[in-house]
Each structure stands twice: as C-alpha cells, then as structure tokens.
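Summary of structural features
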Amino acid sequence: MKLWATNEVRAKSKFWYFLRKLQKVKKAHGQLLAINEIFEKYPTTIKNYGIWVRYQSRTGYHNMYKEYRDLTLNGAVEQMYDEMASRHRVRFPCIQIIKTGTIPVSLCKRVNTKQFHNSKIKFPLTTRKIRPPTRSLKTTYKASRPNTFV
Amino acid sequence: MVFRRFVEIGRVALINYGPQHGKLVVIVDVIDQNRALIDSPDMTRTQINFKRLSLTDITIPDLSRTPSKKVLKEAYASAEVDQKWASSAWGKKLAVRAKRASLNDFDRFKVMVARVKRSSIVRRELGKLRREKA
C-alpha cells in the first residue's frame, strides 16, 4: 500500500486505517511486515501526475481528479494537499488519496498542465520584485520606489 | 511595454537568491507557471522558482527540451556563455563588486594611492583651466 505521511508512526497508523477498510483485520490482529520509503526514480525529469482524491467537505464525501506537473510524486502530492486546503478548505485528515499515476502527455485532461506541453515554450516574466539576496540585507526603508518592470 | 527577455529553453539566467546566489544557469525546461528546471555544467539539474532567477540577454540557441548533460556542456561551450557574460556590462559590474569585496588591506591601500594619483592629475588640469579663465 502506498501512502503519504510525515513520519513512520503516522504512516503505520494510516496503513491500519486503510487496511481495516479493505480487510477484516486490525492492528492487534495483524503484523506489519515492512515499511519502506519510496524514493523518486528520476527526480530530474518533469512528469505529469494525476491524483485521484476522495475528500470530505462540509456537506459530504466527493471524488476528485487533479493533475500536477512536478519532478517527484511527493512534490505533486504536496501540491495537491496545498491546493485542496486553499481551494476547498479541506485539511489533511479529510483527504484520502485513492490513486496516483504519471499521465502521458496525450492523456492529460487539465488545460493548466496541457499549456506547458510545448517544446518551444516561451513567455516573459511580467513583473520583477527585486529583493536582497539574503534576509540579513533586508532594510525597512528604501530611498526610491521600486520599478517592477522586468 | 515590450518584453525582451523570455523564459525559454536555452535562456541563461542568474540566480539572485538562495544558496546558489550569483551562479549562471540555463533553463532547460519549464515545470509550471512558477518553476523551471535549470542546469549548468557544474551543478546537478534542479528545479527553481522564477522568483529566484534574473533572466539575462544570453540564450543558447537551438537547445532541445531537457538535453543530456553532455549535450548541455557542449552547447554551453559553443555558445560561449561565460565569455559573453564576462564581456557584458552586467557581468563586468558583478565582477568588479566581487573584486572589491575580496580586497585585503594592502589592496585597499593600493586602490587609495591610485585614486589619489588620478584625482591629482584631474585637479591639476582643472587648476590650469581655471587659471586660463581668470
């Protein structure tokens, strides 16, 4: 079973939670054989991740399919949690990841991911915020107003 | 408002924030609206936020999406990115800044002597012009 948790203890707990929904077995009657962290095989290639989510809103349970472009599956899952929290106010405990997968370019559904499927992609960075290279060089007052054009 | 510097594959950018501040990198792919995949002959390929990048005028032409390291190194060398950077006004400014920051006390003394010498020549000429005027 593949699941996401911030530490091993939480991972084991979540494992038993999901397993109880699949089989009639609980932690007291079962034995966890192995728990392994899965590392990303190709963390320098960009992939399109599809994540199927079941989440609890204020009025009931819903399913969702979300797409993210990222280098790692963990990165995509992190994006998903952040987006669910911001767009739907759904927090971590109310989200269950049903399925994840890397989606080939032809099967991507969301326009937001498909717009980056362009081998000659080109766009300007429209605003530029100049900031000091380290936080220690930050000053409260500046001599002149900033120019945010590129 | 004409935009001259674009995020594109092959665009050379300067990292302006973070632990790799000051390094020149090449954009080899765009992950999403906020992040790019960057690479450089002497670093591993990583992602970076566009907020940490300052685009330069230098591009490596005809670079394919996510080239292999070997291809990137060859393209970087043949496009003479480092030479173009060193001869650009921006690159020269940063080099001067770095040099000034790395001076030791004796170097600063030498700079002071040179400045005094230069200003004395200027003031001598200025004095001559004033005496002519008067």
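The model shown is predicted, which means the values in this text are computed figures rather than measured ones.

Another aspect to go through is the UniProt feature "domain: Large ribosomal subunit protein eL20" (unreviewed entry) in chain A. The sites that UniProt annotates as "domain: Large ribosomal subunit protein eL20" (unreviewed entry) are residues 50–99 of chain A. Secondary structure across residues 50–99 of chain A comprises 32% helix and 44% strand; the distance between its end C-alpha atoms is 8 Å.

This next bit is on the pairing of strand β4 (residues 35–40) of chain B. Residues and elements named next belong to chain B. When you tally the buried positions in β4, you get six out of six residues, the bulk of the element. Here β4 shows two buried faces, one formed by Arg35, Leu37 and Asp39 and the other by Ala36, Ile38 and Ser40. Alignment of strand β3 (residues 24–30) against β4, held across four bridges, turns out to be antiparallel. Paired with valine 26 across the strands is aspartate 39, a residue of β4. In this antiparallel pair of consecutive strands, β3 and β4, the connection spans four residues. In the sheet, β4 pairs with strand β5 (residues 43–49) via five bridges, with the strands oriented antiparallel. Along β5, the bridge assignment pairs leucine 37 with glutamine 47. Where β4 folds back onto β5 in an antiparallel hairpin, the turn is made up of two residues.

Attention shifts here to the interface of chain B and chain A. Each partner contributes residues to the interface: chain B has 26 residues there, and chain A has 20 residues. When the area that chain B buries against chain A is broken down by residue, the three leading residues are Phe3, Tyr17 and Ile31 of chain B, summing to 25%. At the boundary of chain B with chain A, the tally comes to one salt bridge. Put simply, aspartate 70 of chain A and arginine 35 of chain B hold a salt bridge, and the shortest N to O gap is 3.4 Å. At the boundary of chain B and chain A, one finds six residue pairs in polar contact (both at pLDDT 80 or more). Those elements giving two or more residues to the side of chain B that touches chain A turn out to be β1 (6–8), β3, β4 and β5 of chain B. Looking at the side of chain B that touches chain A, the element that brings in the most residues is β1 of chain B, giving three residues. Partitioned by chemical class, the residues of the side of chain B that touches chain A number twelve nonpolar, five polar and nine charged. The pairing of strand β4 (residues 122–124) of chain A with β1 of chain B spans three bridges and is classified as antiparallel. Following the sheet pairing, phenylalanine 123 of chain A is matched in β1 of chain B by valine 7 of chain B.

Each value, and the rule that gives it
Residues numbered from 1 in each chain as written. Chains lettered and ligands numbered in written order. Predicted model: local features only at pLDDT ≥ 70, side-chain atom pairs only at ≥ 80, totals over all residues. Heavy atoms only, no water. UniProt positions renumbered as here; feature names shortened; annotations may be inferred. Helix = DSSP H or I, 4+ residues; strand = E, 2+ residues; numbered from the N terminus. Buried < 20%, exposed > 50% of the residue type's maximum accessible area, 1.4 Å probe, protein only. Pairing = 2+ DSSP bridges. Contact = heavy atoms within 4.5 Å. Buried area = accessible area lost by both parts, 1.4 Å probe. Salt bridge = Lys/Arg side-chain N within 4 Å of Asp/Glu carboxyl O. Polar contact = N/O pair within 3.5 Å; in protein donor to acceptor, adjacent residues only side chain to side chain. Nonpolar A, V, L, I, M, F, W, Y, C, P; charged D, E, K, R; others polar.

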